[in-house]
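The chain contents come next:
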Amino acid sequence: IVDDEPDILDLLKYNLEKEGYIVETSLDGIKGVELAKKFVPDLILLDIMMPKQDGVETCRQLRELGE
């Protein structure tokens, strides 16, 4: 999960882990891309409006990792 709102991260992480998912979180897109390189997730929940690097640019970089 990549979102700049800690409360949203906590809520989503709690509920997904409760359902048995392994969850990693990041507060910004730059760290989110770094985390995806290490974790290789099956799914990414990505906020669009974030500081440092918005979700659209983060998505572009994540798609390049998969190519």
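Here, every reference points to the structure presented above.
Small disclaimer: the values here were computed from a predicted structure and weren't measured.

Undergrad: What is the right way to read the environment of glutamate 5 from this model?
TA: Residue placement: glutamate 5 occurs in the segment before helix H1 (6-18). Residues glutamate 5 and arginine 63, 58 residues apart in the sequence, show an inter-C-alpha distance of 23 Å.

Undergrad: Help me understand the side chain of serine 26, please; the structure alone is not making it clear to me.
TA: Tracing the chain through its elements places serine 26 in the loop between H1 and helix H2 (29-39). From its side chain, serine 26 meets the backbone oxygen of aspartate 28 in a polar contact 2.8 Å long. Beyond its immediate sequence surroundings of up to four residues, serine 26 is in contact with Ile1, Val2, Asp3, Leu9, Lys31, Gly32 and Leu35.

Undergrad: Honestly, a nonpolar patch on the surface in this entry has me stumped. Any pointers?
TA: Taken together, Ile8, Leu12, Leu43 and Leu45 make up a surface patch of nonpolar side chains, about 340 Å² in accessible area. With respect to the helices and strands, leucine 12 occurs in helix H1.

Undergrad: When you look at the environment of leucine 12 in this model, what are you seeing that I'm missing?
TA: Note on leucine 12: relative accessible area 31%, which makes it partly exposed. Here the alpha-carbon distance between leucine 12 and isoleucine 1, two residues eleven residues apart in the chain, equals 7.9 Å. Excluding its chain neighbours within four sequence positions, the residues that come into contact with leucine 12 are Ile1 and Leu45.

Undergrad: I keep staring at the pattern of salt bridges and nothing clicks. Help me out?
TA: Two side chains that carry opposite charge are able to pair once their charged atoms sit near each other. Taken as a whole and assessed by the stated rule, the structure comprises three salt bridges. Across the pair aspartate 28 and lysine 52 runs a salt bridge, and its minimum N-O distance is 3.6 Å. Residue aspartate 28 is found in the loop between H1 and H2, and its partner lysine 52 is found in the loop between H2 and helix H3 (55-66); the two are separated by 24 residues along the sequence. Arginine 60 is paired through a salt bridge with glutamate 57; the nearest N and O atoms lie 3.4 Å apart. Of this pair, arginine 60 and glutamate 57 both sit in helix H3, separated by three residues, roughly a single helical turn. The class for glutamate 57 is partly exposed, based on a relative accessible area of 30%.

Undergrad: How do you make sense of H1 when you look at a structure like this?
TA: Residue pairs spaced three or four apart in an α-helix point in one direction, given the helix's 3.6 residues per turn. If you check H1, its first and last C-alpha atoms are 18 Å apart, about what 13 residues at 1.5 Å a residue would give, namely 18 Å. Glycine 20 sits one or two positions beyond H1 and adopts a positive phi of about 100°.

Reading the values: rules and limits
Residues numbered from 1 in each chain as written. Predicted model: local features only at pLDDT ≥ 70, side-chain atom pairs only at ≥ 80, totals over all residues. Heavy atoms only, no water. Helix = DSSP H or I, 4+ residues; strand = E, 2+ residues; numbered from the N terminus. Polar contact = N/O pair within 3.5 Å; in protein donor to acceptor, adjacent residues only side chain to side chain. Contact = heavy atoms within 4.5 Å. Patch = residues over 30% accessible without salt bridge, like charges linked within 9 Å, V, L, I, M, F, W, Y side chains within 5 Å. Areas by Shrake-Rupley, 256 points an atom, 1.4 Å probe, with all protein chains shown as cover. Salt bridge = Lys/Arg side-chain N within 4 Å of Asp/Glu carboxyl O. Buried < 20%, exposed > 50% of the residue type's maximum accessible area, 1.4 Å probe, protein only. Expected span 1.5 Å × (residues − 1).

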